[in-house]
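# Secondary and tertiary structure notes
If you want the building blocks of each chain, they are given just below.
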Amino acid sequence: KSFTSVANAEPPVYTDVDIAKLECCGHVQKRMGRHLTNKVNELKKETFMHNGKSVRGIGGRGCLTKNSILKIQGHYGAAIRRNTNNVPQMRREIWAIWQHRNRDHINCGDWCPSKNQPAADPDRNAFPPYVCEAIRPVFETLTSETLLSKCAHGGTQNTNESFHNSIWQRCPKTGFVGRPRLTLAVYDATVVFNDGERGRIPTFENLGMPSGLYTRLCFSELDRTRINSAATKLSPSVRQARRIVSVMHDKDKEDFYLAGAHE
């Protein structure tokens, strides 16, 4: 709504530039996972013929599992980010994901076993033909030139969302607040987001509130804790654990966390 109101405003908001809407690559990447999941649910009662047998749905072992959907989603996002400002190549690499699952590896990238593991079976993750045909419309939708051209910048909204989270921590959306409190929340979040907790010290000094030793030590400790926490979340072991948990069922997740707590 904000984009439409600005783009169609009369008189125009900007007279010397065209207003174009860009997409967050992370959000577009998630669309692939959501569309494939919806397709599984949509066809779970449909019957297909495969190797002379009647098969119901396109989910389950050897077909579209949660793990395979996450892999396709990851390859989709990587293809977008690898080919910034090159929509045709971006589209070719995305279709290579579908071709890979359909036993065609001519356009595959380094992620395909046929490229970097000659002894490996390149078709070990292939889908039955009826699954490939069922998900083809998803790829057609998510490789449209209109959509991909909005992702050619290769960026995300993660930084904006992180900043917004900083604001709503100080001024929760759960209750109504007046403009003065919201303004102060935005100012304080801006200072801390850009310069850390220690960024508040010059503000206090300008207000005639000089900071003492313990205030400075407290702010430094808060900044150190935040940086260390972010570094831990980005470590390979923690990222791998998140990938494992993301494909687990709820009961398995509970057992996984309990095992980690006991260790």
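Reading the values: rules and limits
Residues numbered from 1 in each chain as written. Predicted model: local features only at pLDDT ≥ 70, side-chain atom pairs only at ≥ 80, totals over all residues. Heavy atoms only, no water. Helix = DSSP H or I, 4+ residues; strand = E, 2+ residues; numbered from the N terminus. Rg over C-alpha atoms; globule rule 2.2 N^0.38 Å. Areas by Shrake-Rupley, 256 points an atom, 1.4 Å probe, with all protein chains shown as cover. Lys, Arg positive; Asp, Glu negative; His and termini not counted. Charge placed at Lys NZ, Arg CZ, Asp CG, Glu CD. Polar contact = N/O pair within 3.5 Å; in protein donor to acceptor, adjacent residues only side chain to side chain. Contact = heavy atoms within 4.5 Å. Buried < 20%, exposed > 50% of the residue type's maximum accessible area, 1.4 Å probe, protein only. Patch = residues over 30% accessible without salt bridge, like charges linked within 9 Å, V, L, I, M, F, W, Y side chains within 5 Å. Salt bridge = Lys/Arg side-chain N within 4 Å of Asp/Glu carboxyl O. Core = buried A, V, L, I, M, F, W, Y, C linked by side-chain atoms within 4.5 Å. Pairing = 2+ DSSP bridges. UniProt positions renumbered as here; feature names shortened; annotations may be inferred. Phe/Tyr/Trp six-rings, centres within 6.5 Å; stacked < 30°, edge-to-face > 60°.

## Comments concerning the overall build of the protein
Helix and strand content of the protein: 13 helices and two strands. Relative to the compact-globule value of 18 Å for 263 residues, the protein shows a C-alpha radius of gyration of 25 Å, a clear excess of over 25%. Over its C-alpha atoms, taken along the principal directions, the protein stretches across nearly 80 × 65 × 40 Å. Split by element, the accessible area of the protein, about 17,600 Å² in all, is 53% carbon and sulfur. Here the protein holds 38 positive side-chain charges and 26 negative ones, and the gap between their average locations is 3 Å.

## Here's the deal with the side chain of Glu93
With respect to the helices and strands, Glu93 occurs in helix α4 (residues 87-101). A polar side-chain atom of Glu93 sits 2.8 Å from a polar atom in the side chain of Arg82. Setting aside chain neighbours within four positions, we find Glu93 in contact with Ala79, Arg82 and Asn83.

## Overview of the side chain of Gln99
Summarising the element assignment, Gln99 is placed in helix α4. The exposure class assigned to Gln99 is buried, which follows from its relative accessible area of 18%.

## What to know about a positive patch on the surface
Judged by side-chain charge, Lys233, Arg239, Arg242 and Arg243 come together as a positively charged surface patch. Take Arg243: it is sitting in helix α12 (residues 236-246). For Arg243, a relative accessible area of 47% puts it in the partly exposed group.

## Observations regarding the nonpolar core
Among the nonpolar cores identified, the biggest contains 34 residues, and Ile58, Leu64, Tyr76 and Phe139 are the most heavily contacted of them. For this core, the elements supplying multiple residues, two or more each, are α2 (25-42), α3 (66-82), α4, α6 (129-142) and α7 (145-149). It is α6 that contributes the most residues to this core, eight residues altogether. Not counting residues up to four positions away in its chain, the partners in contact with Tyr76 are Val28, Gln29, Met32, Ile94, Ile97, Leu142, Leu147 and Leu148.

## Details of the pairing of strand β2 (residues 53-56)
In the sheet, strand β1 (residues 47-50) pairs with β2 via four bridges, with the strands oriented antiparallel. The residue of β2 that forms the bridge with Met49 is Ser54. Linking β1 to β2, which pair antiparallel, is a turn of two residues; within it Asn51 sits at a positive phi near 55 degrees.

## Concerning the environment of Val55
Among the structural elements, Val55 can be located in strand β2. In sequence terms Val55 and Gly199 are 144 residues apart; their C-alpha atoms lie 62 Å from each other. Among all residues touching Val55, those that are not within four sequence positions of it are Glu46, Thr47, Phe48, His50 and Tyr130.

## Some details on the UniProt feature "domain: Mutator-like transposase" (unreviewed entry) in the protein
Under the present numbering, the feature "domain: Mutator-like transposase" (unreviewed entry) in UniProt falls on residues 6-112. With 49% helix and 7% strand, residues 6-112 has end C-alpha atoms that lie 44 Å from one another.

## Points about unusual backbone geometry
Negative phi characterises most residues that are not glycine, and trans characterises most peptide bonds. At the junction of Glu10 and Pro11, the peptide bond is cis and its omega measures out at 0 degrees in the coordinates. Position of Pro11 among the secondary structure elements: in the loop between α1 (2-7) and α2. Even without being a glycine, Arg103 presents a positive backbone phi close to 70 degrees. Its location among the elements puts Arg103 in the loop between α4 and α5 (113-116).

## Considering the pattern of salt bridges
Tallied over the entire structure, the rule returns ten salt bridges. We note a salt bridge from Glu221 to Arg224, for which the minimum N-O separation is 2.5 Å. With Glu221 and Arg224 both in helix α11 (residues 213-233) and three residues apart, this pair spans about one turn of that helix. The exposure class assigned to Glu221 is partly exposed, which follows from its relative accessible area of 38%.

## A closer look at the packing of aromatic side chains
Under the definition given, this model contains five aromatic pairs. Where Trp95 meets Trp98, the ring centres are 5.8 Å apart and the plane angle is 80 degrees; that geometry is what we call edge-to-face. Of this pair, Trp95 and Trp98 both sit in helix α4, three residues apart, which is roughly one turn of that helix. For the pair formed by Trp95 and Trp98, the shared burial category is buried. A ring pair is formed by Trp95 and Phe139, whose centres lie 5.8 Å apart and whose planes are at 35 degrees; its orientation type is tilted. Taken together, the residues Trp95 in helix α4 and Phe139 in helix α6 connect sequence positions 44 residues apart. Of the two residues, Trp95 and Phe139, neither departs from the other in class, the shared state being buried.

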